[in-house]
Amino acid sequence: MSDKPAGWYYVGDGTLRYRDDYGWTDYYMDTKDPRARDWPPPKPKTLLQQLREAEAARSLAAAHRGSRVAMLFGRRRARH
């Protein structure tokens, strides 16, 4: 166990670093990052989950957009 609680700490040069119950992690965040404006920023696990959800939403939107484009092109070919 460490003597400091888990959380984000300022380590200099405009950088935050996450410390968990076992010590320093490899997670860094720039203080200019919009997620760092709300103090404290979310835990790295939460940030990764949010990233996965955003990527899934983007890929779903891209797949939907691709099907609409294919449908439009399919209609044009059928008319000719």
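Above this note sits the structure.
Just so you know, the residues in each chain are numbered from 1, in the order the chain's sequence is written. Only residues with pLDDT of at least 70 get local features here, since the model is predicted, and only at 80 or more are side-chain atom pairs given and counted; chain-wide, interface and lining totals rely on the full set of residues. The basis for every side-chain value is the complete set of heavy atoms in the structure, and neither hydrogens nor water enter the calculation.

*Asks:* Can you tell me about the sheet that holds strand β2 (residues 15–20), naming the residues and giving the values?
*Replies:* Between any two strands, at least two bridges found by DSSP are needed for them to pair. Helix numbers and strand numbers start at the N terminus; a helix is a DSSP run of H or I with at least 4 residues, a strand a run of E with at least 2. If you trace the 3 strands from one edge of the open sheet to the other, you get β1-β2-β3, paired in antiparallel fashion. Each edge of the sheet is formed by a strand with only one pairing partner; in this case those strands are β1 (7–12) and β3 (23–30). Across this sheet, the average inter-strand angle for adjacent strands is 35°, counted without regard to direction. By the bridge criterion, 5 bridges tie β1 to β2 in an arrangement that is antiparallel. For Y10, the partnering residue across the bridge sits in β2 and is L16. Axis angles are defined between N-to-C directions and span 0 to 180 degrees, where every axis is a line fitted to C-alpha atoms and, for a helix, only to the segment in contact.

*Asks:* Got a sec to walk through unusual backbone geometry? Specific residues and values, please.
*Replies:* With an omega of -10°, the peptide bond running from W39 to P40 counts as cis. Topologically, P40 is positioned in the loop between β3 and α1 (44–79). Phi is positive for D13, close to 55°, though the residue is something other than glycine. Within the element layout of this structure, D13 appears in the loop between β1 and β2. Whether a residue is buried, partly exposed or exposed follows from its accessible area with a 1.4 Å probe, protein chains only, as a fraction of its type maximum: under 20%, in between, or over 50%, in that order. Given the relative accessible area of 81%, D13 is considered exposed.

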